[in-house]
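# Structural description and commentary
Here is how the chains run, residue by residue.
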Amino acid sequence: MGTRREPTARQKRLGAELRRLREAAGLSAREAAALLGVNSVQISQIESAIAGVSEERLRRLASHYACTDGEFIEALVAMATDRTRGWWEEYRWLLPTSFLDLAELDHHARFRNEVAILYVPGPLQTEDYARAVFCARVPELTGEELELRVRHRMARQQITIPYELVIHESALRIRVSDRTASRTQLARLLERSEAHNITVRIIPFDLDGFGLAAGTMTYMGGPVPKLDTVVRDTPYGSAFIDAEAQLGTFRTRFRKMEAVSLEPKQSRDFIHRLTKEL
């Protein structure tokens, strides 16, 4: 297989998982290469996602690494042999790579759990709300860059997987634009919360002892729990977290925040009341 100019986050994840398996087996890249009959440079390229790996070689590596988790191996094979060219590819070289990686992650996810503190999450934003969020970016975007980001965000809103959202009252009250845009956004949130696969829960301001207010995150379920991914926003784009110990921590954080939030019906009533206040 040829080398890649710009590996995707999914391809990088496959390489990282193969590296973890090798290290868990106590093998160096040189030793793994000898078992496979290749040179260590090829192992390094596979693990850094510069080069792909065939199904046969992946299965041989898993065997040499003494990995007996059949479901996990099949998931890795699916990642290695996937040739999907999704709708997001039309934005390649037009938007930062993280935008494409997020769309690809959406496409392959089995479920999505999200905690929002300051903004309504992208998958549920109206076009006006999304535009206002992107307009607040520093440095400012050009008109073309702005419209590309808005169009991409709207294209990501086809949610077919289970989606659980815990959103703090602050995200509902902050006006990223004006009163009209806020009302429209709350109406959209109510509408989408009625979907059979979308659950919205609100954390009100008057909750005592809420110490997780900095816990914004997006938790994406993979084909097996080991391949879950957490996405955190940073000033320089999206950060993808996939270390198993950290995934466990974020699962616990989400369940704790879910436990202190209002039930779905109470949450819809809360949003109704807030809409009337605007």
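The sections below set out a description of the structure shown in this document. Given the structure is predicted, the values throughout are model-derived calculations rather than measurements.

To continue, consider the sheet that holds strand E3 (residues 198–203). Read from one edge to the other, the open sheet built from 6 strands follows the order E3-E2-E1-E4-E5-E6, with strand pairing classed as mixed. Both edges of this open sheet fall to E3 and strand E6 (237–241), since each of them pairs with a single strand only. For this sheet, the mean angle separating the axes of adjacent strands, direction not counted, is 15°. In this structure, strand E4 (residues 217–221) lies alongside strand E5 (residues 229–234), joined through 3 bridges in antiparallel fashion. The partner of threonine 218 across the bridge, within E5, is valine 231. Its contacts with the sheet put helix H6 (residues 97–108) on strand E1 (111–116), E4, E5 and E6, and the angle it makes with E6 is roughly 45°.

Another aspect to go through is a nonpolar patch on the surface. Taken together, the side chains of Leu118, Tyr119 and Ile174 present a nonpolar region at the surface, about 270 Å² in accessible area. With respect to the element layout, tyrosine 119 can be found in the loop between E1 and helix H7 (127–135). Overall, tyrosine 119 belongs to the partly exposed group, its relative accessible area being 41%.

For H7, every residue scored as buried is listed here: Tyr129, Ala130, Ala132, Val133 and Phe134. At its buried positions, H7 is contacted by H6, helix H8 (143–155), helix H9 (169–173) and helix H10 (179–193).

Let us now look at helix H3 (residues 40–47). Of the residues making up H3, those classed as buried are Ile43, Ile46 and Glu47. Relative to the axis of H3, the buried residues are bounded by an arc of 95° and lie together on one face. Tucked into the core, H3 has its buried residues touching helix H1 (9–24), helix H2 (29–36) and helix H4 (55–64). Of the residues flanking the start of H3, the one acting as N-cap is asparagine 39, its side-chain oxygen 3.0 Å from the backbone nitrogen of valine 41. Following H3 by one or two positions, alanine 49 has its phi on the positive side, about 70°.

Given two aromatic rings, one states the distance between the centres and the angle between the planes to describe the pair. The full count for this structure, using the stated rule, is 4 aromatic pairs. Judged by centre distance (6.0 Å) and plane angle (80°), the ring pair of tryptophan 87 and tryptophan 88 falls under edge-to-face. Overall, the relative accessible area of 32% leaves tryptophan 87 in the partly exposed class. Judged by its relative accessible area of 2%, tryptophan 88 is buried.

Moving on, we come to the environment of glycine 221. In this structure, glycine 221 sits in strand E4. Looking at glycine 221, the relative accessible area reads 2%, which means it is buried. A C-alpha to C-alpha distance of 8.2 Å links glycine 221 and asparagine 113, two positions 108 residues apart in sequence. Ignoring any residue separated from it by four or fewer positions in sequence, one finds glycine 221 in contact with Ala109, Arg110, Phe111 and Asp228.

One side chain can pair with another of opposite charge once the charged atoms of both are near each other. Taken as a whole, this structure holds 27 salt bridges when the rule is applied. The residue glutamate 6 makes a salt bridge to arginine 92 at a minimum N-O spacing of 3.2 Å. In this pair, glutamate 6 is assigned in the segment before H1 and arginine 92 in the loop between helix H5 (70–81) and H6, connecting sequence segments 86 residues apart. The class for glutamate 6 is partly exposed, based on a relative accessible area of 25%. Residue class for arginine 92 comes out buried when judged on its relative accessible area of 16%. Between arginine 112 and glutamate 114 there is a salt bridge; the shortest N-O distance is 2.9 Å. Residues arginine 112 and glutamate 114 agree in their burial class; the two are buried.

Reading the values: rules and limits
- Counting restarts for each chain: residues are numbered from 1 in the order of the written sequence.
- Restriction of local features to residues with pLDDT of at least 70 applies here, the model being predicted, together with a cutoff of 80 or more for giving and counting side-chain atom pairs; totals for whole chains, interfaces and linings are based on all residues.
- The basis for every side-chain value is the complete set of heavy atoms in the structure, and neither hydrogens nor water enter the calculation.
- For two strands to be treated as a pair, DSSP must find no fewer than two bridges joining them.
- Segments assigned H or I by DSSP are reported as helices when at least four residues long, segments assigned E as strands when at least two residues long, and all are numbered from the N terminus.
- Note on geometry: axes are C-alpha line fits, over the in-contact stretch for helices, and angles between N-to-C directions span 0 to 180 degrees.
- In this analysis, two residues are considered to be in contact whenever any of their non-hydrogen atoms come within 4.5 Å of each other.
- Two joining distances apply to patches: 9 Å for like charges and 5 Å for nonpolar side chains (Val, Leu, Ile, Met, Phe, Trp, Tyr), and every residue must have over 30% relative accessible area and no salt bridge.
- Computed by Shrake-Rupley with a 1.4 Å probe, the accessible areas treat only the displayed protein chains as cover when residues are assessed.
- One side-chain nitrogen of Lys or Arg within 4 Å of one carboxyl oxygen of Asp or Glu is enough to make a salt bridge.
- Summary of the burial criterion: residues with accessible area below 20% of their type's maximum are buried, those above 50% are exposed, and those between are partly exposed, where the area comes from a 1.4 Å probe applied to protein chains only.
- Throughout, the arc means the angular range of directions from the helix axis out to the C-beta atoms.
- Polar contacts here mean pairs of N or O atoms no more than 3.5 Å apart (in protein, one a potential hydrogen donor and the other a potential acceptor; neighbouring residues in sequence count only if both atoms are side-chain atoms).
- Aromatic rings from Phe, Tyr and Trp, taking only the six-membered ring of Trp, are treated as a pair when their centres fall within 6.5 Å; an angle between ring planes under 30 degrees marks them as stacked, one over 60 as edge-to-face, and anything in between as tilted.

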